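Examination of the molecular architecture
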Amino acid sequence: MSFSIQELFNIDYWKQMFNVDIFSWNFFVNILDILVVWYIVYKLIQLVRGTKAIQLFKGVAIFIAIRFGAELIGLHTLSWLMDQVITYGVIAAIVIFQPEIRRGLEHLGRSTFFKTTKQEQKEDEQLITSLDKAVQYMSKRKIGALITIERNTGLEEYIETGIPLEADITGELLINIFIPNTPLHDGAVIIRNDKIAVSCAYLPLSESMLIPKEFGTRHRAAVGISEVSDAVTVVVSEETGGVSITLNNQLLSELSQEEYLKILHRELIPEEKTETKKNLLQSFIESIAKGGKK
């Protein structure tokens, strides 16, 4: 049974697919096909969220909507034109967004079925330990700092504004970056994939009127990035040495060491990650092992 991408834009194809016995094998295969395609699209959107490539997806969505509308109304010339744009637009997108595609494939290649949750927890614990060491040193000496940790939402748009480092995370390096009057101290450090991706990055400034006036640009930038992403940002005030954290459009200020460590552990090492999160292959292997012991 042959299949063409053009059939997805054919109204008769969809009518025929759903005009079958819902208990037939072909119906379940078609439903599975749709679910798999939507899952792939969802993961792609997650991958490019926060990057310039998301604008491409918005444009493609508009073209697809025009294509369906033209098919329903009967505008055959416009339908044909949209088919050509969509078909050759894929090739153009691969060329234009080659860096984003390469990073996505590299990220996929780094993942492994056998990566244990203990290893993930160890890396996150090391990150928190390094942050704590740097924050304590800078807070006591009133050294201003702005450190953003990428989570699910991509921060590529802001990473591109900084100076690339791709360095291992250590407390000493974070301290050295923010020492006043050094080339890297201005702007934000962005951490991605357990690496210091860049320093001197520019974050969007929040225009919220709820931010207390005593807080300066660092705190507004920290709140700003929390408004457009799910990143966790640590701020050390240059005036008071106070430690603040922003996440989910919230500013938590004047935190003690115990308070900010509790927040970092809760947000960066969630319970389901350390206790219940297992990949499918691990669960399958463990279930077989348990079954063999009965």
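For the structure given in this document, a descriptive report is provided here. Source: prediction; values computed, not measured.

**Focus on the overall build of the protein**
Assigned secondary structure in the protein consists of 12 helices and seven strands. Relative to its full complement of 294 residues, the protein shows a buried share of 34%. Surface summary for the protein: the accessible area is close to 18,600 Å², and the carbon and sulfur share equals 61%.

**Notes on the environment of S237**
Inspection of the secondary structure assignment puts S237 in the loop between β5 (232-236) and β6 (243-247). Here the alpha-carbon distance between S237 and I143, two residues 94 residues apart in the chain, equals 7.1 Å. Not counting the four nearest positions on each side in its chain, S237 is found in contact with K142, G144, H219 and G242.

**Observations regarding the sheet that holds strand β4 (residues 195-201)**
Pairing is mixed across the open sheet formed by seven strands, whose spatial order is β2-β4-β3-β1-β5-β6-β7. Only two strands of the sheet have a single neighbouring strand rather than two, namely β2 (163-168) and β7 (250-252). Shown here is a sheet whose adjacent strand axes are inclined to one another by a mean of 20°, direction ignored. This element, helix α10 (residues 257-268), spans β1 (145-149), β5, β6 and β7 of the sheet and lies at about 25° to β6.

**Let's talk about the packing of aromatic side chains**
This model, assessed by the stated rule, comprises zero aromatic pairs. The ring of Y137 has R141 lying over it, and the distance from NZ or CZ to the ring centre is 3.8 Å.

**A word on the pairing of β4**
Burial runs high along β4: six of the seven residues are buried. Where β2 and β4 come together, four bridges link them in antiparallel fashion. Bridge pairing in β4 links I163 to S199. Bridging between strand β3 (residues 188-192) and β4 involves four bridges; their strand directions are antiparallel. Across the sheet, residue I191 finds its bridge partner in β4, namely I196. From the end of β3 to the start of β4, which pair antiparallel, there are two residues, and N193 there has a positive phi angle of about 55°.

**Describing a nonpolar patch on the surface**
On the surface, a nonpolar cluster with roughly 940 Å² of combined accessible area is contributed by I62, F63, I66, L72, I73, L75, L78, W80, L81 and V85. Listing elements by their share of the nonpolar patch, those giving two or more residues are α3 (53-73) and α4 (76-96). Among the elements that line the nonpolar patch, the one with the most residues is α3, at five residues. The topology assignment puts V85 in helix α4.

**Some points on the side chain of S130**
Within the element layout of this structure, S130 appears in helix α6 (residues 117-140). Setting aside anything within four residues of it in sequence, one finds S130 in contact with I169, T170, G171 and L174.

**Details of the nonpolar core**
Across soluble globular proteins, nonpolar side chains have a tendency to be buried as a group. Among the nonpolar cores identified, the biggest contains 31 residues, and I191, I245 and L264 are the most heavily contacted of them. Looking at this core, the elements with two or more residues in it are α6, β1, α8 (171-178), β3, β5, β6 and α10. In terms of residues, this core owes the most to one element, α6, which gives six residues. Once you skip the residues sitting within four places of it in the chain, I245 turns out to touch V232, T233, V234, Q250, L251, L252, L255, Y260, I263 and L264. Listed in part, the 15 residues of the second largest apolar core include L146, Y158, A188 and V198.

**Some words on unusual backbone geometry**
Despite not being glycine, N181 shows a phi value in the positive range, around 65°. For N181, a relative accessible area of 76% corresponds to the exposed category. Notably, N193 is not glycine yet its phi reads approximately 55°, a positive angle. Note on placement: N193 falls in the loop between β3 and β4.

**Quick word on the environment of G216**
Inspection of the secondary structure puts G216 in the loop between β4 and α9 (217-228). By relative accessible area, G216 is classed as partly exposed at 38%. Taking C-alpha positions, G216 is 8.6 Å from S237, a pair spaced 21 residues apart along the chain.

Conventions and cut-offs
- Residues numbered from 1 in each chain as written.
- Predicted model: local features only at pLDDT ≥ 70, side-chain atom pairs only at ≥ 80, totals over all residues.
- Heavy atoms only, no water.
- Helix = DSSP H or I, 4+ residues; strand = E, 2+ residues; numbered from the N terminus.
- Buried < 20%, exposed > 50% of the residue type's maximum accessible area, 1.4 Å probe, protein only.
- Areas by Shrake-Rupley, 256 points an atom, 1.4 Å probe, with all protein chains shown as cover.
- Contact = heavy atoms within 4.5 Å.
- Pairing = 2+ DSSP bridges.
- Axes fitted to C-alpha atoms, helices over the stretch in contact; angles between N-to-C directions.
- Phe/Tyr/Trp six-rings, centres within 6.5 Å; stacked < 30°, edge-to-face > 60°.
- Lys NZ or Arg CZ within 6 Å of the ring centre and 35° of its normal.
- Patch = residues over 30% accessible without salt bridge, like charges linked within 9 Å, V, L, I, M, F, W, Y side chains within 5 Å.
- Salt bridge = Lys/Arg side-chain N within 4 Å of Asp/Glu carboxyl O.
- Core = buried A, V, L, I, M, F, W, Y, C linked by side-chain atoms within 4.5 Å.

Read these as geometric descriptors, not functional statements.
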